[in-house]
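# Survey of secondary and tertiary structure
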There are 2 protein chains.
Amino acid sequence: ADLAAGRAKAVQCQACHGLDGIAKIPEAPNLAGQNEDYLVKALNDFRSGARTNEMMSMVAKPLSDADIANLAAFYHSLGRQ
Amino acid sequence: ADLAAGRAKAVQCQACHGLDGIAKIPEAPNLAGQNEDYLVKALNDFRSGARTNEMMSMVAKPLSDADIANLAAFYHSLGRQ
């Protein structure tokens, strides 16, 4: 996975999840240091519709497999803070 | 919410999520310090079937509203580590 590409892609996530992975709104989870496999599954499930959320179902739809791998690697890399 | 009751209830969660909220298996998310509102929603969604997971759909089913509130408060209280 490409961390720099993940960080760039994460710009669209930051309003809710923070660019540091600490959520800005109470309904959103913190992502910093989250397990990478879990994050990949969550994004895959939102993209496929297996898991639904008003915001996430919309933003996950256009992600490629590489986007998902890069985003998961980026948020995992932030470490728990 | 009752943190002590949440901690007691969390004994059944620890094999995957850790009693310290740091997951023991890569497919499970870390929960330590996670936003409380998010955790309540996740457990409600697993209980109702709005969100599904082989393990979580099973273990969330018998939880009461109080169990969910207590578990969410307990894992949130652990803080990010």
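Let me sum up the structure you'll find in this document. Computed from a predicted structure; not experimentally measured. (Residues numbered from 1 in each chain as written. Chains lettered and ligands numbered in written order. Predicted model: local features only at pLDDT ≥ 70, side-chain atom pairs only at ≥ 80, totals over all residues. Heavy atoms only, no water.)

## Focus on the overall build of chain A
Just so we agree on the cut-off: Put simply, DSSP H or I for four residues or longer makes a helix, DSSP E for two residues or longer makes a strand, and each gets a number counted from the N terminus. For this measure, only C-alpha atoms enter the radius of gyration; the expected value for a globule follows 2.2 Å times N^0.38, where N is the number of residues. Contacts are assigned to residue pairs that have any heavy atoms within 4.5 Å of one another. The accessible surface values rely on the Shrake-Rupley method and a 1.4 Å probe; as for residues, cover is taken only from the protein chains in view. Here the positive residues are Lys and Arg and the negative ones are Asp and Glu; neither His nor the chain ends is included. To locate a charge, take NZ of a lysine, CZ of an arginine, CG of an aspartate or CD of a glutamate.
The number of helices and strands found in chain A is 5 helices and 0 strands. Helices and strands in chain A line up, N terminus first, as α-α-α-α-α. Relative to the globule expectation of 12 Å for 81 residues, the C-alpha radius of gyration of chain A, 11 Å, shows essentially globular dimensions. Along the first, second and third principal axes, the C-alpha atoms of chain A reach 30 × 30 × 20 Å. Expressed as a percentage of contacts within chain A between residues at least 6 apart in sequence, the contacts between residues at least 24 apart total 58%. Counting every atom, chain A has about 4100 Å² of accessible surface; 57% of that belongs to carbon and sulfur. Computed over 8 positive and 9 negative side-chain charges, the separation of the two mean positions in chain A equals 2 Å.

## A word on the nonpolar core
Definition in use: Only buried residues count toward a nonpolar core. Its members are Ala, Val, Leu, Ile, Met, Phe, Trp, Tyr and Cys residues joined through side-chain atoms within 4.5 Å. Each residue is assigned to one of three classes by its accessible area relative to the maximum for its type, calculated with a 1.4 Å probe on protein chains only: buried under 20%, partly exposed between the two thresholds, exposed over 50%.
In terms of nonpolar packing, the biggest core is built from 30 residues, with Tyr75 of chain A together with Tyr75 of chain B touching the most fellow members. Those elements that place two or more of their residues in this core are helix 3 (36-48), helix 4 (54-60) and helix 5 (65-77) of chain A together with helix 3 (36-48), helix 4 (54-60) and helix 5 (65-77) of chain B. Residues contacting Tyr75 of chain B, with those up to four places away along its chain left out, are Ala10, Cys13, His17, Gly18, Gly21, Leu31, Ala32, Gly33, Gln34 and Leu39 of chain B.

## Examining the packing of helix 3 of chain A against helix 5 of chain A
Residue and element names in this part refer to chain A. Which entries qualify depends on this criterion: Angles here are taken between N-to-C directions and fall from 0 to 180 degrees, while the axes themselves are lines fitted to C-alpha atoms, restricted in helices to the stretch in contact. Our angle categories are set so that under 35 degrees counts as roughly parallel, over 145 as roughly antiparallel, 65 to 115 as roughly perpendicular, and the remainder as oblique. Should the near helix be turned anticlockwise from the far one by less than a right angle, the crossing is left-handed, and should it be turned clockwise, the crossing is right-handed.
Closest axis-to-axis distance for the helix 3/helix 5 pair is 9 Å, and the angle between their directions is 140°. Judged by the angle between their axes, helix 3 and helix 5 are oblique. As helix 3 runs across helix 5, the sense of the crossing is right-handed. Across the interface between the two elements, Glu36, Leu39, Val40, Leu43, Asn44 and Arg47 from helix 3 touch Asp65, Ile68, Ala69, Leu71, Ala72, Ala73, Tyr75 and His76 from helix 5.

## Describing the relation of the copies chain A and chain B
Formally: When the copies are overlaid, the least-squares fit takes in C-alpha atoms only where the residue has pLDDT of at least 70 in both copies.
Turning chain A through 180° and shifting it by 0.0 Å along the axis lays it on chain B, with an RMSD of 0.0 Å. The operation mapping one copy onto its partner corresponds to a two-fold rotation axis. Same-surface contact between copies: 100% of interface residues of chain A are shared with the interface of chain B.

## Concerning helix 3 of chain A
As a reminder, the rule being used: Given the number of residues in a helix, its expected span is that number minus one, multiplied by 1.5 Å. To be clear, the arc concerns the directions from the helix axis to the C-beta atoms.
Compared with the 18 Å implied by 1.5 Å per residue over 13 residues, the 18 Å span of helix 3 of chain A between its first and last C-alpha is a close match. Among the residues making up helix 3 of chain A, those that are buried are Tyr38, Leu39, Ala42, Leu43, Asp45 and Phe46 of chain A. Buried residues of helix 3 of chain A, seen end-on, are gathered within an arc of 160° and therefore sit on one face of the element. On the buried face of helix 3 of chain A, the contacting elements are helix 4 and helix 5 of chain A together with helix 3 of chain B. At the C-terminal side of helix 3 of chain A, Gly49 of chain A shows a positive phi close to 95°.

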